[in-house]
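Residue strings, one per chain:
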Amino acid sequence: SKHHTEGDTRRWTVSYEDWLDNAAMIEQADVESSSPNCTVSNVEISGPRIIFLLTGGTLNERVTVTLTMSDNFDNIKHDTISFTVVSA
């Protein structure tokens, strides 16, 4: 569970170094927000990491960001991160 400041844009990084096999590489990443007010953009893959921007949100809103990652060995990993939007 993380905090996200109301109205801000923040860069988040999720590392899969410990999960991926030694020779595995991330091939695809899908990142989605449960909220129309707190949106995900600029999803990129950087080595064993998935990087995205989280923007917006309304005070006290609870947001779930869902990540789906697949690697070159056809493994698929699903993760969720819970955010609470806080005041500045």
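Throughout what follows, the structure given in this document is the object of discussion. (Residues numbered from 1 in each chain as written. Predicted model: local features only at pLDDT ≥ 70, side-chain atom pairs only at ≥ 80, totals over all residues. Heavy atoms only, no water.)

### Concerning the pattern of salt bridges
Line of reasoning, step 1. Evaluation of the coordinates by the stated rule reveals one salt bridge.
Line of reasoning, step 2. Between Asp79 and Lys77 there is a salt bridge whose closest N-O contact spans 3.3 Å. (Salt bridge = Lys/Arg side-chain N within 4 Å of Asp/Glu carboxyl O.)

### Looking at the sheet that holds strand β3 (residues 26-33)
Line of reasoning, step 1. Read across the sheet, four strands follow the order β1-β7-β6-β3 without closing on themselves; strand pairing throughout is mixed. Each edge of the open sheet is held by one strand with a lone partner, namely β1 (2-5) and β3. Strand-to-strand, the axes of this sheet are offset by a mean angle of 30 degrees, without reference to chain direction.
Line of reasoning, step 2. As judged from the nine bridges shared by strand β6 (residues 62-71) and strand β7 (residues 76-86), these two strands associate in the antiparallel manner. Within β7, the position partnered with Val63 by the bridge is Phe83. (Pairing = 2+ DSSP bridges. Helix = DSSP H or I, 4+ residues; strand = E, 2+ residues; numbered from the N terminus. Axes fitted to C-alpha atoms, helices over the stretch in contact; angles between N-to-C directions.)

### Notes on the nonpolar core
Line of reasoning, step 1. In terms of nonpolar packing, the biggest core is built from 18 residues, with Tyr16, Ile50, Phe52, Leu54, Val65, Leu67 and Phe83 touching the most fellow members.
Line of reasoning, step 2. Take this core: its biggest share by element is four residues, from β6.
Line of reasoning, step 3. If we ignore the near neighbours within four places in the chain, the residues touching Leu54 are His4, Asp8, Thr9, Arg10, Trp12, Cys38, Thr39, Val40, Val65 and Phe83. (Core = buried A, V, L, I, M, F, W, Y, C linked by side-chain atoms within 4.5 Å. Buried < 20%, exposed > 50% of the residue type's maximum accessible area, 1.4 Å probe, protein only. Contact = heavy atoms within 4.5 Å.)

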